[in-house]
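# Close look at the chain arrangement
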Amino acid sequence: QVQLVESGGGLVQAGGSLSLSCEASGNSFSVSAMGWYRQAPGRERELVADITSGGMIGYADSVKGRFTISMDNDRSAVNLQMNNLKPEDTAVYFCYLDQLCRRYWGQGTQVTVSS
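Residues numbered from 1 in each chain as written. Predicted model: local features only at pLDDT ≥ 70, side-chain atom pairs only at ≥ 80, totals over all residues. Heavy atoms only, no water.

### With respect to the sheet that holds strand β1 (residues 2-7)
In a beta sheet, neighbouring strands pair by backbone hydrogen bonds and run either parallel or antiparallel. Ordered in space as β1-β3-β8-β7, the 4 strands form an open sheet in which the pairing is antiparallel. The open sheet terminates on both sides in strands that have one partner only, identified here as β1 and β7 (67-71). For this sheet, the mean angle separating the axes of adjacent strands, direction not counted, is 15°. Both β7 and strand β8 (residues 77-82) contribute to a ladder of 5 bridges, which runs antiparallel. Bridge assignment links Phe67 to a residue of β8, and that residue is Met82. (Pairing = 2+ DSSP bridges. Helix = DSSP H or I, 4+ residues; strand = E, 2+ residues; numbered from the N terminus. Axes fitted to C-alpha atoms, helices over the stretch in contact; angles between N-to-C directions.)

Here you go:
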């Protein structure tokens, strides 16, 4: 069983930066990918960024050039550096971890960007 704990959310003004972290504990072996989704009120959960164990990275078009995802070498944590934040980035951010054929989720962390 894998547990994921996110940290780093908060309130920031537009144009500011936040860094999110997600740490995995438990049997975090054979990790194939980690990443971040977000969900704003009244909207579906959407993929923000992901990274595979092989180093392949993907970003949503809306965050390209502003957000940077990284994974620790031992694949026990994934980080999301968010720069030039916009009010439309306001959402609950969830990290995930793919292990074998299962996906684990964190509890979510709130990011609020004021205009």
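### Topic: the state of the cysteines
Evaluated as defined, the whole model comprises 1 disulfide. A sulfur-sulfur distance of 2.0 Å marks the disulfide that ties Cys22 to Cys95. Between Cys22 and Cys95 the sulfur-sulfur dihedral comes to about 50°; the bridge is accordingly right-handed. Highlighted residues: Cys22 in strand β3 (residues 18-26) and Cys95 in strand β9 (residues 91-99), separated in sequence by 73 residues. Each member of the pair, Cys22 as well as Cys95, carries the same accessibility label: buried. (Disulfide = S-S within 2.5 Å. Buried < 20%, exposed > 50% of the residue type's maximum accessible area, 1.4 Å probe, protein only.)

### Overview of the environment of Gly55
Turning to its location among the elements, Gly55 is positioned in the loop between β5 (46-52) and β6 (57-59). The exposure class of Gly55 is partly exposed, given its relative accessible area of 43%. Placed 12 residues apart in sequence, Gly55 and Arg43 show a C-alpha to C-alpha distance of 30 Å.

### Describing the pattern of salt bridges
In total, this model carries 5 salt bridges according to the counting rule given. Put simply, Glu46 and Arg38 hold a salt bridge, and the shortest N to O gap is 2.7 Å. Across the pair Arg66 and Asp89 runs a salt bridge, and its minimum N-O distance is 2.7 Å. Of this pair, Arg66 sits in the loop between β6 and β7 while Asp89 sits in the loop between β8 and β9, and the two are 23 residues apart along the sequence. Of the residues examined, Arg66 reaches a relative accessible area of 10% and is grouped as buried. Relative accessible area serves as the criterion here: at 1%, Asp89 is assigned to the buried category. Residues joined in a network through salt bridges with shared partners are Arg38, Glu46, Arg66 and Asp89. (Salt bridge = Lys/Arg side-chain N within 4 Å of Asp/Glu carboxyl O.)

### Overview of the packing of aromatic side chains
Inspection of the entire model under this criterion finds 3 aromatic pairs. Judged by centre distance (5.3 Å) and plane angle (70°), the ring pair of Tyr37 and Trp105 falls under edge-to-face. Here Tyr37, found in strand β4 (residues 31-39), pairs with Trp105, found in strand β10 (residues 102-105); they are 68 residues apart in sequence, far enough to count as distant. When its relative accessible area of 18% is taken as the criterion, Tyr37 is described as buried. Overall, the relative accessible area of 35% leaves Trp105 in the partly exposed class. Taken together, the aromatic side chains of Tyr37, Tyr96 and Trp105 make up a single cluster linked through ring pairs. For the cation-ring pair, Arg45 lies above Phe94, with the distance from its terminal atom to the ring centre recorded as 3.9 Å. (Phe/Tyr/Trp six-rings, centres within 6.5 Å; stacked < 30°, edge-to-face > 60°. Lys NZ or Arg CZ within 6 Å of the ring centre and 35° of its normal.)

Function-wise, these values are silent; they only describe arrangement.
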